[in-house]
Amino acid sequence: AVEVFRKDYRAPDYAVENVDLDFDVRDRTTVVSVLRIRRNGQARADAPLHLDGRGFELLELAIDGLAVAEANVERDDERLLIKQALPQAFSLRVVTRLDPDSNHSLEGLYRSGPMLCTQCEARGFSRITYFPDRPDVLSRFKVRIEADAQRYPVLLSNGNRVEAGEAADGRHYAIWEDPFLKPCYLFALVAGDLGCVSDTYTTASGREVALQFYVDKGNEGRVPHALESLKKAMRWDEQVYGLEYDLDIYMVVAAREFNMGAMENKGLNLFNARFVLASPDTATDADYEGIESVIAHEYFHNWTGNRVTCRDWFQLSLKEGLTVFRDQNFSADLNGADVQRIGEVRQLRTLQFAEDAGPMAHPVRPDSYVEINNFYTATVYEKGAEIVRMLQTLLGRETFIKGVQHYLREHDGSAATIEDFLAAHEAVSGRNLEGFRRWYSQAGTPTVGIDDEYHLLAHTYTLHLEQSTPATPGAPDKKPVPIPIRVAFFDGEGQRIHLPAQPPLMPAPDLILLEDAQATITFEDVKVRPTPSFLQGFSAPVRLQFGYSSDQLVNLLLHESDGFARWEAVQRLMLNAFFELLSGPAGDDTQALLKGLQLLAAQHFDDKALLAELLRMPSESYLAGQLQPLDGEKLAAARDALRLRIAHALTGPLSVWATAAPEDQGAINVGRRALAGIASGYLAATRSTRILDLCRDRAGSDNMTLSYGALVALNDIDCPQREDAMAAFLSRWRHDALVLDKWFALQAGSAIGNGVERTAELLGHPDYVASPNRIRSVLGTFWRENLRAYHRADGSGYRLLAEQVLKLDKSNPQIASRLADGLLGWRGLAAPRDELLRAVLQRLVQQVASPDVSEKIHKALA
Ligand code: B3K
Ligand code: ZN
């Protein structure tokens, strides 16, 4: 595989104006593609025609009705070059034969249960036919599908259905036309036997849109939440961005087998079933929120991604970062900003900070890639969203929205760049975003260090700020970036102190803008020593270092009004206690945490969901990023000790919260259930029979949040209640794939016994199937959240994961490559694990075939 560089971008020589596709679905599927092609103005008259294609049988290749001679063709595994003299405009006919039933990569045309479906982003369309598979070639698509009427009653593609009817031999057909220009990665097709739930939506301008959800038959009752979420998203985009839906129909199809969350194909989204199907007995409140946000995300792509797409894949964050930012705001508006923001930061710090610190670190706009699928990352998505958020902070919400609208107007129907996006914001705001561009081009997580000084006699308060970004692979020298730091000040009793703005460094009383490597701000006339609260709302994706005292942290935990800042304070207290317990007995730091939590427990909380977040312990995978070198067994033990300490210090309130566990839907109950789950988790660690019995009984609840919460609480405790509850859960849900995924994840994540052996056994369990969701449940949970097992000092955890990566490397490289993330960080491990994992990698690198996995392993060993 070759490395592709951003600097090598060249506009395509040929435009494909029309794409006419004919899918004849039989045991094999034959695809006739007729393209109307025109040479672009800037191209040389003798420019060869570049087509991408792989993994199919080529039956015909003709230009203007004449077969292309072998002598005029140059071809390798992935592409084909036509070198004969070509007229300025011509038609290309390509006939290919596909075998979707044996396509386990889940890219291109493949089978998922009762249907055939497609996944084309990033480069799956070229598994269907020869085509210039690049996002800057935009065409008008017309698609005819013919298939057996019994086996495939549902025939779908993008746009509007313009014709349908019967064909010979019990077959039928449908013809779809998409009036909008689109790149081939947004093409989609579905042929299957599916149930349908439909509804309508009336847009702000009064157009009626048909909404249709296609799911496995029998699952229709689990669609309403996704459907309601879609309608909310459609309304939100009208109200906030003034953006309306543009076709007469919007379809969502739920697939059992899907490599990622979902895909925004024009008018025909394909979804991992887990982001569509929900009922209170099968899906947790967290699942409900996930569905709402992914449904919204894919819908928002209709403008940010589809109407305006990306010029090349280096610009991926143009659509992904912006669309994540939009779905985050949607969720915050619907469910409350504080808890939403805490979840975002938790994810960013756990996944993206780790990525930035590892061998795959890359800028939000990468400079090169070997396999583009490896760059659908937390950096491109989540850090990309953080950059957009900072832009909004700098420009103000109103100007920012105008900037987005201006960008969409200027580039509607075309393929754009991140540069175009920034230029649009410069145009509407009159600001120069030169320095800001560095956020897109520079990898690594900046650290901001702050010191403060208070002069009792002079009544001055001074802040010294500095920033630096650590070197990342291939990029040793980093420049400062503009960092917006939202700030508030409090006195010792938690009352706000208002200190004045000091432009340009402090453009508003609540905002510091650190643009240089260092800066100093002095405030006069400050009567008492302030407790600063830096980075409110997590206003920039940085690590912030400030020597908070325990008292200051407790002060912020109890009195800050910004939910994120309260959470941040308790995170710091928890981390301090965790480090104390890692190296010895409980001392001052643990005491400070417990005292803070006791005071917190005595406060009145309307927002129970926020209280639950404040009490939640940092996850193992988050802690792993804090510990260098990493000893997973020690880490898990210290975390267990911390859990037990908290349980003993808060037994009273925890018992109250653990019991208040309502089954009904509704936001207030979502918070109560979250709290009950957290509280039972702590209490179970004390092994009190009362709580273990309660959890066992609750695991049989008809409310999945309660049931699953109880199982999580029991999961690390070796006791008969756990055995009984797990067995009952398995036999109750054995036939429901999505719920069964939860059972597998619990097993793979449990601290009990030998987790490596148990995980290996799970892979041979009679109920195990190698679907992407199941693989992630078992192996993803194992390496990310079971550090005790995965990092066993004998290296057996590493060997198990590597074996599975190798196995999947051949059938489904995208999934294999996701799992390979668990193998990359050997440099950060405590001996002897570093050498054990390195040896595993050195063996693996000889054996893997896919560019996906091999790119990562090469970078890890470099
Ligand atoms: N755009 C798709 C992701 C495609 C991943 C290709 N490997 C889903 C999304 O971000 O909405
Ligand atoms: Zn997306």
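Residues numbered from 1 in each chain as written. Chains lettered and ligands numbered in written order. Predicted model: local features only at pLDDT ≥ 70, side-chain atom pairs only at ≥ 80, totals over all residues.

Trainee: What is the right way to look at the overall build of the protein in this model?
Mentor: The helix and strand tally for the protein stands at 27 helices and 32 strands. Here the C-alpha atoms of the protein give a radius of gyration of 28 Å, agreeing with the 29 Å that 2.2 N^0.38 yields for 862 residues. A principal-axis box enclosing the C-alpha atoms of the protein has dimensions of 90 × 65 × 60 Å. Across the protein, every contact between residues at least 6 apart in sequence was considered, and the portion connecting residues at least 24 apart equals 69%. (Helix = DSSP H or I, 4+ residues; strand = E, 2+ residues; numbered from the N terminus. Rg over C-alpha atoms; globule rule 2.2 N^0.38 Å. Contact = placed C-beta atoms within 7 Å.)

Trainee: Before we go on, may I ask you to explain the sheet that holds strand E3 (residues 29-39) in this structure?
Mentor: Sheets are built from strands paired through backbone hydrogen bonds, the pairs being either parallel or antiparallel. Strand order in the open sheet made by the 8 strands is E6-E5-E9-E3-E2-E12-E15-E14, with mixed pairing throughout. Edge strands, defined here as strands with exactly one partner in the open sheet, are strand E6 (66-67) and strand E14 (160-167). Bridge count between E3 and strand E9 (residues 89-98): 10 bridges; the pairing is antiparallel. Across the sheet, the residue bridging to Val 31 is Thr 96, located in E9. (Pairing = 2+ DSSP bridges.)

Trainee: When you look at the environment of Asp 248 in this model, what are you seeing that I'm missing?
Mentor: With respect to the element layout, Asp 248 can be found in the loop between helix H1 (224-241) and strand E19 (249-255). For Asp 248, a count of 14 C-beta atoms within 10 Å puts it in the partly exposed group. Separated by 234 residues in the primary sequence, Asp 248 and Tyr 14 have C-alpha atoms spaced 31 Å apart. Non-local contacts of Asp 248, meaning those with residues more than four positions away in its chain, are made with Asn 160, Val 209 and Ala 210. (Buried ≥ 20, exposed ≤ 12 C-beta atoms within 10 Å, placed from the backbone.)

Trainee: Where do I start with helix H26 (residues 833-847) in this structure?
Mentor: The periodicity of an α-helix, 3.6 residues per turn, causes residues three or four positions apart to be oriented the same way. An ideal rise of 1.5 Å per residue puts 21 Å on 15 residues; H26 measures up with 21 Å between its terminal C-alpha atoms. Turning to H26, its buried residues are Arg 833, Leu 836, Leu 837, Val 840, Leu 841 and Leu 844. Projection of H26 onto a plane perpendicular to its axis shows the buried side chains occupying an angular sector of 135 degrees, all on one side. Set apart from the buried face of H26 by more than 90 degrees, the exposed residues are Glu 835, Gln 842, Arg 843 and Gln 846. For H26, the elements touching its buried residues are helix H24 (796-811) and helix H27 (851-861). (Expected span 1.5 Å × (residues − 1). Arc of directions from axis to C-beta.)

Trainee: Can you walk me through the UniProt feature "domain: Peptidase M1 alanyl aminopeptidase Ig-like fold" (unreviewed entry) in the protein in this structure?
Mentor: Listed under "domain: Peptidase M1 alanyl aminopeptidase Ig-like fold" (unreviewed entry) in the UniProt record, and renumbered for this structure, are residues 444-545. What you have in residues 444-545 is 0% helix and 44% strand, and the ends, taken at the C-alpha atoms, are 16 Å apart. (UniProt positions renumbered as here; feature names shortened; annotations may be inferred.)

Trainee: Any chance you could explain the sheet that holds strand E26 (residues 460-468) here in plain terms?
Mentor: Overall, mixed pairing links the 4 strands, which are arranged E30-E26-E25-E32 in an open sheet. Because the sheet does not close on itself, it has two edges, and the strands there are strand E30 (518-523) and strand E32 (543-546). Across the sheet, the mean angle from the axis of one strand to that of its neighbour is 20 degrees, orientation sign disregarded. Pairing of strand E25 (residues 447-455) with E26 involves 9 bridges; the strand directions are antiparallel. Note that in E26 the partner of Thr 447 across the bridge is Ser 468. (Axes fitted to C-alpha atoms, helices over the stretch in contact; angles between N-to-C directions.)

Trainee: Explanation requested: the environment of Val 848 in the structure shown.
Mentor: Mapped onto the elements of the fold, Val 848 is located in the loop between H26 and H27. Sequence separation between Val 848 and Tyr 682 is 166 residues, and the spatial gap between their C-alpha atoms is 43 Å. Contact partners of Val 848, with chain neighbours within four places excluded, come to Leu 806, Asp 809, Val 853, Ser 854 and Ile 857.

Trainee: Any chance you could explain the domain arrangement of the protein here in plain terms?
Mentor: Often the size quoted for an interface is simply the accessible area lost on bringing the parts together. Its domain assignment divides the protein into domain 1 (4-193), domain 2 (308-441), domain 3 (447-468 + 481-540) and domain 4 (734-862). Centre-to-centre separation of domain 1 and domain 3, based on C-alpha positions: 57 Å. (Domains from an automatic or database assignment.)

Trainee: Is there a simple way to think about the UniProt feature "domain: Peptidase M1 membrane alanine aminopeptidase" (unreviewed entry) in the protein in this case?
Mentor: Mapped onto this structure's residue numbering, the UniProt feature "domain: Peptidase M1 membrane alanine aminopeptidase" (unreviewed entry) falls at residues 226-437. Across residues 226-437 one finds 55% helix and 10% strand; the C-alpha atoms that close the span lie 37 Å apart.

Trainee: Explanation requested: the packing of helix H18 (residues 704-714) against helix H19 (residues 720-733) in the structure shown.
Mentor: Geometry of a packed helix pair, given as the angle between the helix axes and the separation of the axes. Contact geometry for H18 and H19: axes closest at 10 Å, N-to-C directions at 140 degrees. In terms of orientation, H18 lies oblique with respect to H19. Read as a crossing pair, H18 and H19 show a hand that is left-handed. From H18, Ala 710, Leu 711 and Leu 714 reach across to H19, where they touch Gln 721, Arg 722, Ala 725, Met 726 and Phe 729. Broken down by class, the residue content of the contact of H18 with H19 amounts to 6 nonpolar, 1 polar and 1 charged. (Parallel < 35°, antiparallel > 145°, perpendicular 65-115°, else oblique. Left-handed = near helix turned anticlockwise from the far one by under 90°. Nonpolar A, V, L, I, M, F, W, Y, C, P; charged D, E, K, R; others polar.)

Trainee: Quick question: what am I supposed to make of the site of ligand 1 here?
Mentor: Ligand 1 sits among Glu 121, Ala 122, Met 260, Ala 262, Met 263, Glu 264, His 297, Glu 298, His 301, Glu 320, Asn 373 and Tyr 376. Within the residue set of the shell around ligand 1, elements represented by two or more residues are strand E20 (262-263) and helix H2 (285-300). (Near = placed C-beta within 6 Å.)

Trainee: Where do I start with the nonpolar core in this structure?
Mentor: Among the nonpolar cores identified, the biggest contains 249 residues, and Ala 191, Val 253, Phe 271, Val 276, Cys 695, Val 805 and Leu 823 are the most heavily contacted of them. With 10 residues, the single largest contributor to this core is helix H10 (residues 563-583). Sequence-distant contacts of Val 253, that is, excluding residues within four places in its chain, are made with Cys 117, Leu 156, Val 190, Tyr 214, Leu 268, Leu 270 and Phe 271. (Core = buried A, V, L, I, M, F, W, Y, C linked by C-beta atoms within 7 Å.)

Trainee: Explain the environment of Arg 732 here, please?
Mentor: Tracing the chain through its elements places Arg 732 in helix H19. Distance from Arg 732 to Arg 687, taken between C-alpha atoms, is 26 Å for residues 45 residues apart in sequence.

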